[in-house]
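Observations on the model geometry
Below, each chain spelled out in residue letters.
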Amino acid sequence: MMKFVYSIGLIFCGLLLGQGIRKRVDTESIKASVPVEKYIRFIQKFAILGINPIITLGAFWGVQITNIRFIALPILGVIAITIGGILGFVVSKQMKHGRKQTGSMFVSSSFTNLGNFGGLICFAFFGELSYAFVSMYKMFEEILYFMVGYPIAKLHGEQDLNIKTKNPFLRIITDPFIYVYFISITVGLVLNVSGYVRPGIYQNINEILIPLSSIFLITSVGFYMKIRAIGSYLKECIAIASIKFIIMPIVIVSIAYLMGLRDINDGLLFKVVIVLSAMPPAFNSLIPPQIYGLDVDLANSSWLFSTGLLIIVVPILYYIVNMI
C-alpha cells in the first residue's frame, strides 16, 4: 500500500505544485520580477537531458538481458503507440470532427506518458530493475512521435506556421532529446556486456534520481495545465480515456501474454507491460496542437482528464500486479 501512496502522492504533489506556481506567475508582480517560465523550462530540460541519461545508463548497465524475448518490449511499445493513434483517428471520424479536432484526437490517443508517470509508477511498484524495462518499452517512442506523429498532426493543421520545415531524419539525429537518450542506452549496454560490474552505489543514486526527475517533469506539466476547457470536450475526454485505460491494456497485455512474457524475471517483465499499457496521454501530445494549429483545448482537456483518472487507475494496477 505504501508503494501506491508514494507513486500517486508524488504525481499529484508535482501537479499541484506546478499549478500553484502557475497561479503565482499569473499575478503581474511575479510576471514582472521573476522569469518563472524560463526556470520551469530549464528544470524540464535538466531532467530530460541531465538526470534521465544517468538513470537510463545505470539501468541498462545493471539489468541482466539474457532472454531473446526481451526484444518484445520495444515491439510492444511500437504496437501500443500505433494502435492508439489509429483508434483515436477512427473515433474522431465517427464523431464527425473537423481536421483540427481529428489531429488532436490522434496525438492524444497515440502519445503515451511512459516516462514521467509510467516510469515512476514502475519504480515505485517494482524497484530500479523495472526502469530498464520501461526504457526498452519506450525505445522507439520519440522516433515514432517525430517521424510519424508530428507529420500526421501537421497534415491536419494550419499551414505555414512558425515552425521550420526540416527533413524528418535530420530532425531526429539532431534532436538532443532523442540522441542523448540513445547514447545513454548504448553506453549502458556496452558496459553491461563488457564485464565491468556496476558499482553498488549506483542503485542508491538511481533511487534518488528517478523520483527527482519525475517531480521536476511532473511539476512542469502541472505548470502548463489548463482546467477550464474540459466541460466542452467531455465526450472526447471519455473516448480517449477509454482507449488508454480499457482498450489498450486489453490488447497489449494479451499480446504480451501470447509472447510468453509472463515467465520472464518471475513475471516482472509482464507486470511492467501491464502498467505501461494503461498510461494517460503524454505531455508531448500537447505540443503538436500548439505548433500546427490543431484544437489545443481538446488536447489539453484529454490530457488533464485522463491524467486525473490516475487516482483510480493506479490502485487498480497495484491490485492487479500484486495478484499475479
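Residues numbered from 1 in each chain as written. Predicted model: local features only at pLDDT ≥ 70, side-chain atom pairs only at ≥ 80, totals over all residues. Heavy atoms only, no water.

Take the side chain of K244 next. By the secondary structure assignment, K244 is in helix α12 (residues 234–258). Only 2.8 Å separates the side chain of K244 from the side chain of T112, close enough to count as a polar contact. Not counting the four nearest positions on each side in its chain, K244 is found in contact with S108, S109, S110, F111, T112, P249, S277, A278, M279, P280 and P281. (Helix = DSSP H or I, 4+ residues; strand = E, 2+ residues; numbered from the N terminus. Polar contact = N/O pair within 3.5 Å; in protein donor to acceptor, adjacent residues only side chain to side chain. Contact = heavy atoms within 4.5 Å.)

Our focus in this paragraph is helix α7 (residues 129–137). Counted residue by residue, α7 has 8 buried out of 9 residues, so it is predominantly covered. Among the residues of α7, S130, Y131, A132, F133, V134, S135, M136 and Y137 are the ones counted as buried. (Buried < 20%, exposed > 50% of the residue type's maximum accessible area, 1.4 Å probe, protein only.)

It is worth spelling out the confidence of the model for the chain at this point. Residues of the chain with pLDDT of at least 70 account for 87%, and the chain-wide mean is 83. The secondary structure element of the chain with the lowest average pLDDT is helix α2 (residues 28–33), at 54, and the one with the highest is α12, at 96. Scored below 50 in pLDDT, residues 160–165 shows 8 contacts in the model against residues more than four places distant or in partner chains. (pLDDT = per-residue confidence, 0-100.)

Relative to each other, helix α5 (residues 99–110) and α12 sit at 30°, their axes nearing to 9 Å. It follows from the interaxial angle that α5 and α12 lie roughly parallel. As α5 packs across α12, the resulting crossing turns out to be right-handed. Residues M105, S108, S109 and S110 of α5 touch α12, and the partners they reach there are E236, A239, I240, I243 and K244. Looking at the contact of α5 with α12, its residues break down into 4 nonpolar, 3 polar and 2 charged. (Axes fitted to C-alpha atoms, helices over the stretch in contact; angles between N-to-C directions. Parallel < 35°, antiparallel > 145°, perpendicular 65-115°, else oblique. Left-handed = near helix turned anticlockwise from the far one by under 90°. Nonpolar A, V, L, I, M, F, W, Y, C, P; charged D, E, K, R; others polar.)

With that out of the way, let us pick up the packing of helix α4 (residues 72–94) against α12. Between α4 and α12, the least distance of the axes is 10 Å, while the angle of their chain directions is 145°. The two elements α4 and α12 cross, and the hand of that crossing is right-handed. Residue-level inspection shows L76, I79, A80, I83, G84, L87, G88 and V91 of α4 in contact with α12, the latter providing A239, I243, I247, M248, V251, I252, I255 and A256. For the contact of α4 with α12, the per-class residue count stands at 14 nonpolar, 2 polar and no charged.

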